[in-house]
Amino acid sequence: GLVTGAADDDPSGIGTYSQAGAGFGYALNWLMLVMLPMMIVIQETAGRIGIVSGKGLASVVKEHYNRWALYFVIFFLVFANTVNIGADIGAMAASARLIVPIPYVWWTLFFVLAIVLLEVLIPYKVYAKILKWLCLSLFAYIITAFIVHISWVDVLKGFIPTLKLQPEYILIIVALLGTTISPYLFFWEPSQEVEEEIDHHIKKENDRPVVTDNWFKRFHKDNFTGMLFSQGVALFIMITAAATLHQQGITNISSADQAAAALAPLVHSFPNSGKIAQLLFAFGIIGTGLLSIPVLAGSAAYGVSEALDIKEGLGKKVKRARGFYAVIAGATF
């Protein structure tokens, strides 16, 4: 739940949250409160499907629905995830250049190779711990919000719902909903619950896992905490962009790295605070990219593997799940 929620704040998502704050200030804060229960319920439903069936979401869809419906869904899952991975790697490379100004292409190749090697070569138990520690990178946005000058009264006013019949306003609401409640998370979380059941040697009866009430309670807390953390960080990104970019009239931000680059000259809370804010924002983009790209590639791999009945799972070695790891590597490259 924590990893799923944190992966939702990927570099392209950070770009969208930055766009919302830069373009509309604090006016869309209320939408975070609307989306939070949606995220919690949808992801808990997806996770519970994995827990009680012992199968990933694609396997369950295949069992109960027409195969062509499954292939239709998996095609768009893989297509959207691959495009999203490309956007995230691009934002990571551009952000890394703000820290160490070497050519963009070298940073791109470095991140691609590092992500693929981590996901393919490291055992699942270790890899899961790495993903959990990478969640700490999101605190960069909470810290940044307290470096910049923020009018908390205006922040609170932003929680009063306001609707504007403007194309740009409606478009950013759709974009926020889309980047927050994302299909790749539906596929990732159930598959991770199945991985956890395998890792804990949960027994099966009639091909269904036998899980205790404590397991469901743990999952409920984990999922709730993860989604709350995810939306809290997203809100802080919007607040930071609103307090800096929007206040200075910079309303046209198209990516997360542009937001990071624009921060440096706009923050004057204390000496060098602008550069510190920029570096924190950039480090956050890189950290969340390292967390979310494996989730994007992994969810695509789970979907394809389950749809085509090939062996899958991060708990398996490469030689036992070649097709699964081929999708991960292919989507990332």
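Higher on the page you've got the structure.
For the structure given in this document, a descriptive report is provided here. (Residues numbered from 1 in each chain as written. Predicted model: local features only at pLDDT ≥ 70, side-chain atom pairs only at ≥ 80, totals over all residues. Heavy atoms only, no water.)

Points about the packing of aromatic side chains
Then step 1. By the definition in use, this model includes 15 aromatic pairs.
Then step 2. For the pair phenylalanine 75 and phenylalanine 76, a centre-to-centre distance of 5.1 Å together with 85° between the ring planes defines the contact as edge-to-face.
Then step 3. Here phenylalanine 75 falls in the exposed class, since its relative accessible area comes to 52%.
Then step 4. Through successive ring pairs, a cluster of aromatic residues spans Phe72, Phe75, Phe76 and Phe79.
Then step 5. Seen from the ring of tryptophan 215, arginine 218 lies directly overhead, with NZ or CZ sitting 4.7 Å from the centre. (Phe/Tyr/Trp six-rings, centres within 6.5 Å; stacked < 30°, edge-to-face > 60°. Buried < 20%, exposed > 50% of the residue type's maximum accessible area, 1.4 Å probe, protein only. Lys NZ or Arg CZ within 6 Å of the ring centre and 35° of its normal.)

Some details on helix H4 (residues 57-64)
Residue pairs three or four apart in sequence face the same way in an α-helix, which turns once every 3.6 residues.
Then step 1. Along H4, the residues classified as buried are Leu57, Ala58, Ser59, Val60 and Lys62.
Then step 2. Its buried side turned inward, H4 meets helix H3 (29-53), helix H5 (67-99), helix H11 (183-199) and helix H14 (273-308). (Helix = DSSP H or I, 4+ residues; strand = E, 2+ residues; numbered from the N terminus. Contact = heavy atoms within 4.5 Å.)

Regarding the nonpolar core
Then step 1. If you look at the biggest cluster of nonpolar residues, it comprises 91 residues, and the most contacted ones within it are Leu28, Phe281, Ile285 and Leu314.
Then step 2. Per-element accounting of this core gives the leading share, 14 residues, to H14.
Then step 3. With residues up to four places along the chain from it excluded, the contact list for phenylalanine 281 reads Ile14, Ser18, Tyr141, Thr144, Ile237, Ala256, Ala259, Ala260 and Leu263. (Core = buried A, V, L, I, M, F, W, Y, C linked by side-chain atoms within 4.5 Å.)

Comments concerning the packing of H3 against H11
The angle between the axes and the distance between the axes are what describe a pair of packed helices.
Then step 1. Relative to each other, H3 and H11 sit at 40°, their axes nearing to 8 Å. Taken as axis vectors, H3 and H11 run oblique relative to one another. The two elements H3 and H11 meet at a crossing, and its hand is right-handed. In this structure, H3 uses Ile42, Gln43, Ala46, Gly47, Gly50 and Ile51 to contact H11, whose residues at the interface are Leu185, Phe186, Glu189, Pro190, Glu193, Val194 and Glu197. (Axes fitted to C-alpha atoms, helices over the stretch in contact; angles between N-to-C directions. Parallel < 35°, antiparallel > 145°, perpendicular 65-115°, else oblique. Left-handed = near helix turned anticlockwise from the far one by under 90°.)

Quick notes on the packing of helix H8 (residues 139-147) against helix H12 (residues 213-246)
Then step 1. The contact between H8 and H12 brings their axes to 9 Å, and the two run at 35°. Regarding H8 and H12, the two cross each other, and that crossing is left-handed. Seen from H8, the contacting residues are Phe139, Tyr141, Ile142, Thr144, Ala145 and Phe146; seen from H12, they are Phe229, Val233, Phe236, Ile237 and Thr240.
Then step 2. Of the residues contributing to the contact of H8 with H12, the split by class is nine nonpolar, two polar and no charged. (Nonpolar A, V, L, I, M, F, W, Y, C, P; charged D, E, K, R; others polar.)

Observations concerning the side chain of serine 95
Then step 1. Among the secondary structure elements, serine 95 is positioned in helix H5.
Then step 2. Relative accessible area serves as the criterion here: at 0%, serine 95 is assigned to the buried category.
Then step 3. Here alanine 91 takes part through its backbone oxygen, which lies 2.7 Å from a polar atom of the side chain of serine 95.
Then step 4. Serine 95 has contacts with Asp257, Ala282, Ile285 and Ile286, leaving out every residue within four places of it along the chain. (Polar contact = N/O pair within 3.5 Å; in protein donor to acceptor, adjacent residues only side chain to side chain.)

Description of the environment of valine 105
Then step 1. Of note, valine 105 is situated in helix H6 (residues 104-121).
Then step 2. When its relative accessible area of 47% is taken as the criterion, valine 105 is described as partly exposed.
Then step 3. Residues valine 105 and aspartate 213 lie 108 residues apart in sequence; the distance between their C-alpha atoms is 50 Å.

Digging into the pattern of salt bridges
For side chains of opposite charge, pairing can occur when their charged atoms come near one another.
Then step 1. What the rule picks out here adds up to five salt bridges.
Then step 2. Lysine 55 is the salt-bridge partner of glutamate 63, the closest N and O atoms lying 2.8 Å from each other.
Then step 3. A residue is classified by how much of its surface remains accessible, and glutamate 63, at 42% relative accessible area, is partly exposed.
Then step 4. Judged by its relative accessible area of 24%, lysine 55 falls in the partly exposed class. (Salt bridge = Lys/Arg side-chain N within 4 Å of Asp/Glu carboxyl O.)

Things to note about the environment of phenylalanine 75
Then step 1. Within the secondary structure, phenylalanine 75 is located in helix H5.
Then step 2. Between the C-alpha atom of phenylalanine 75 and that of valine 105, which follows or precedes it by 30 residues, the distance is 28 Å.

Quick word on the environment of methionine 32
Then step 1. Summarising the element assignment, methionine 32 is placed in helix H3.
Then step 2. Since its relative accessible area comes to 3%, methionine 32 is described here as buried.
Then step 3. Discounting residues that sit within four places of it in the chain, methionine 32 has contacts with Tyr17, Gln231, Ala234, Leu235 and Met238.

Let's talk about a nonpolar patch on the surface
Then step 1. Side chains of Phe72, Val73, Phe75, Phe76, Phe79 and Val83 sit close together on the surface and give an oily, nonpolar patch of about 630 Å² of accessible area.
Then step 2. For phenylalanine 76, the location among the structural elements is in helix H5.
Then step 3. A residue is classified by how much of its surface remains accessible, and phenylalanine 76, at 42% relative accessible area, is partly exposed. (Patch = residues over 30% accessible without salt bridge, like charges linked within 9 Å, V, L, I, M, F, W, Y side chains within 5 Å. Areas by Shrake-Rupley, 256 points an atom, 1.4 Å probe, with all protein chains shown as cover.)

What to know about helix H10 (residues 167-180)
Then step 1. For H10, spanning 14 residues, the distance from its first C-alpha to its last is 20 Å, which sits close to the expected 20 Å at 1.5 Å a residue.
Then step 2. Those residues of H10 that sit buried are Tyr169, Ile172, Ile173, Leu176, Thr179 and Thr180. One face of H10 carries all of its buried residues, which in axial projection span an arc of 140°. Away from the buried face of H10 by more than 90 degrees, exposed residues Pro167, Leu171 and Val174 are located.
Then step 3. Buried residues belonging to H10 abut helix H2 (11-24), H3, H11 and H12. (Expected span 1.5 Å × (residues − 1). Arc of directions from axis to C-beta.)

Read these as layout, nothing more, since geometry by itself doesn't imply function.
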